[in-house]
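Secondary and tertiary structure notes
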Number of protein chains: 2
Amino acid sequence: MKPVKEIAKTISASGLKITPQRIAVIQALEKLEHPRAEEIIREVSEQIPGLSPTTVYNTLDALVSKKIIRKVHTEADVMRYDAIPDHHHHLYCMQSDRMDDYFDPELDKLLEDYFRKKNIKGFRLKEVKLQLMGEFENKDKTSVEKNA
Amino acid sequence: MKPVKEIAKTISASGLKITPQRIAVIQALEKLEHPRAEEIIREVSEQIPGLSPTTVYNTLDALVSKKIIRKVHTEADVMRYDAIPDHHHHLYCMQSDRMDDYFDPELDKLLEDYFRKKNIKGFRLKEVKLQLMGEFENKDKTSVEKNA
DNA sequence: TTCTAACTTGTATTTATTACAATGTAGAAA
DNA sequence: TTTCTACATTGTAATAAATACAAGTTAGAA
């Protein structure tokens, strides 16, 4: 676990104020593995009785905006559905929340070859999904179609 | 848009019963782009007044389990956080909801080269995130560490 | 045509997250 | 060190996505 001093420095360097809550949140983030907010709240509450869940949400948002931590696995907080069951990836723009399909058999082949050679210890790989994060160059939904 | 007949056949072939609600949900899925449940509910409600949101959720779950459609962008419905701001990917097991970090500079290099050559029309790519879906071979959290 | 498992509905809950007003405090400036 | 204020925290309440469940309905097999 990182020393408190170092954590404090990181917080301070980003322009945020150092508070016991923030330090504890970062410590929890390091101790737990990809925790959800609720787990962090539970963990931090042990050290800081009377902690408000709102504080944890605020803190997480603040840390994310300063790029000290990341949100993972999803950018939007809701489930989305896809009518196309064939294997494909997604282009996604966080600003607009727009998502387009991306087909690229050449890339799939490349990845397949790569992971056939590379063995990930302790993990049986079944499927590789890519999220291509970026920005769409115009608003027209049909402009990026089946990206060949 | 696919003809109703074909949609009906797909539903039937999977062992599910053909209902107006299910056909309308699939049509909505094709019309809308990666809709969230709420958008589907709104769309389908126009054709089927008195539609229950529960039906849409049930239908989506049924279609997903039959692999007629997919859930995208997230498998769990909650936000998760990551203390490591460095670029890395994730190993994820849907069954256990376990997620591990995955570092692979060689792969990143490969992808960087690939996308430098390949220009995605209408999209300015900023970051490539991989979700490696599969199963962990044992329950020990520390067994898959910094996967070299 | 009958019958039953499968499906839909509607209400009530649960749970994650956000809004907001009041209070408290970190840390810059005096 | 003390003061001061913008930034943080708290707590309550509201919102919204998703689920549970009991009751009624229907697809489609027999």
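Keep in mind that what you see is a predicted model, and the values were worked out from it rather than measured.

1. With respect to the side chain of E43(A)
Residue and element names in this part refer to chain A. Along the chain, E43 turns up in helix α3 (residues 37-47). Only 2.9 Å separates the side chain of E43 from the side chain of K31, close enough to count as a polar contact. Non-local contacts of E43, meaning those with residues more than four positions away in its chain, are made with A28, K31 and L32.

2. Digging into the nonpolar core
Formed by 26 residues in total, the largest nonpolar core has its most connected members in F115(A), L130(A), L132(A), F115(B), L130(B) and L132(B). At the level of secondary structure, the elements contributing two or more residues to this core comprise β3 (89-93), α5 (105-117) and β5 (123-136) of chain A together with β3 (89-93), α5 (105-117) and β5 (123-136) of chain B. Beyond its immediate chain neighbours, meaning those up to four positions away, F115(B) contacts Y102(A), L107(A), L130(A), L132(A), I120(B), L125(B) and V128(B).

3. A closer look at the packing of helix α2 (residues 20-31) of chain A against α3(A)
Residue and element names in this part refer to chain A. Contact pair α2 / α3: the axes reach a minimum separation of 9 Å and the direction vectors enclose 125°. Here α3 runs oblique to α2, going by the angle between their axes. Where α2 crosses over α3, the two elements pack in a sense that is right-handed. Seen from α2, the contacting residues are A24, V25, Q27, A28, L29 and K31; seen from α3, they are I40, E43, V44 and Q47. Each residue belonging to the contact of α2 with α3 can be placed in one class, and the counts come to 6 nonpolar, 2 polar and 2 charged.

4. Section: the pairing of β5(B)
In this structure, β5(A) lies alongside β5(B), joined through 13 bridges in antiparallel fashion. Bridge pairing in β5(B) links F123(A) to F136(B). Alignment of β3(B) against β5(B), held across 3 bridges, turns out to be parallel. Bridge pairing in β5(B) links L91(B) to L132(B).

5. Observations concerning the protein's contact with DNA strand D
The full set close to DNA strand D counts 19 residues, and T19(A), Q21(A), R22(A), T55(A) and I18(B) are the nearest of them. Backbone sugar and phosphate groups make up 72% of those atoms of DNA strand D lying within 4 Å of the protein. K17(B) places a polar side-chain atom, nitrogen or oxygen, 3.4 Å from a base nitrogen of DNA strand D. Measuring from a base nitrogen of DNA strand D, one finds a side-chain N or O atom of T54(B) at 3.2 Å. Listing elements by their share of the surface near DNA strand D, those giving two or more residues are α2 and α4 (53-65) of chain A together with α4 (53-65) of chain B. With 4 residues, α4(A) is the single largest residue contributor to the surface near DNA strand D. Taken together, the residues that form the surface near DNA strand D break down as 7 nonpolar, 9 polar and 3 charged.

6. Some points on the sheet that holds strand β4 (residues 98-102) of chain B
The strands that make up a sheet are held in pairs by hydrogen bonds between backbone atoms, and each pair lies either parallel or antiparallel. Reading across from one edge, β4(A)-β3(A)-β5(A)-β5(B)-β3(B)-β4(B) is the order of the 6 strands in this open sheet, with mixed pairing throughout. With one partner strand each, in any of the chains shown, β4 (98-102) of chain A together with β4 of chain B form the two edges of the open sheet. Taken over all neighbouring pairs, the strand axes of this sheet differ in orientation by 30° on average, direction set aside. Lying on the sheet, α5(A) is in contact with β3, β4 and β5 of chain A together with β4 and β5 of chain B; it crosses β5(A) at an angle near 140°. Running at roughly 140° to β5(B), α5(B) makes contact with β4 and β5 of chain A together with β3, β4 and β5 of chain B of the sheet.

7. Some points on helix α2 (residues 20-31) of chain B
Taking 1.5 Å per residue as the helical rise, α2(B) with its 12 residues ought to reach 16 Å, and the 16 Å between its terminal C-alpha atoms agrees with that figure. Of all the residues in α2(B), the buried ones are R22(B), I23(B), A24(B), V25(B), I26(B), Q27(B), A28(B) and L29(B).

8. Regarding the pattern of salt bridges
Pairs may arise between side chains of opposite charge once their charged atoms sit close together. Tallied over the full model, the rule gives 23 salt bridges over all chains. Across the pair E137(B) and R124(A) runs a salt bridge whose closest N-O atoms are separated by 3.7 Å. Taken together, the residues span two chains, with E137(B) in the segment after β5 and R124(A) in strand β5. In this structure R124(A) comes out as partly exposed when scored by relative accessible area, which is 42%. Overlapping salt bridges, with partners in common, bring together K109(A), E112(A), D113(A) and R116(A) in one network.

9. Section: the protein's contact with DNA strand C
Close to DNA strand C lie 19 residues; I18(A), Y57(A), T19(B), R22(B) and T55(B) are nearest. The sugar-phosphate backbone supplies 73% of the atoms of DNA strand C found within 4 Å of the protein. Y57(A) has a polar side-chain atom sitting 2.9 Å from a phosphate oxygen of DNA strand C. At 3.1 Å from a phosphate oxygen of DNA strand C is found a main-chain nitrogen or oxygen belonging to G50(B).

Quick notes on the rules
- Residues numbered from 1 in each chain as written.
- Chains lettered and ligands numbered in written order.
- Predicted model: local features only at pLDDT ≥ 70, side-chain atom pairs only at ≥ 80, totals over all residues.
- Heavy atoms only, no water.
- Helix = DSSP H or I, 4+ residues; strand = E, 2+ residues; numbered from the N terminus.
- Polar contact = N/O pair within 3.5 Å; in protein donor to acceptor, adjacent residues only side chain to side chain.
- Contact = heavy atoms within 4.5 Å.
- Core = buried A, V, L, I, M, F, W, Y, C linked by side-chain atoms within 4.5 Å.
- Buried < 20%, exposed > 50% of the residue type's maximum accessible area, 1.4 Å probe, protein only.
- Axes fitted to C-alpha atoms, helices over the stretch in contact; angles between N-to-C directions.
- Parallel < 35°, antiparallel > 145°, perpendicular 65-115°, else oblique.
- Left-handed = near helix turned anticlockwise from the far one by under 90°.
- Nonpolar A, V, L, I, M, F, W, Y, C, P; charged D, E, K, R; others polar.
- Pairing = 2+ DSSP bridges.
- Near = heavy atom within 4 Å.
- Expected span 1.5 Å × (residues − 1).
- Salt bridge = Lys/Arg side-chain N within 4 Å of Asp/Glu carboxyl O.

Shape is all these values report; function is a separate question.
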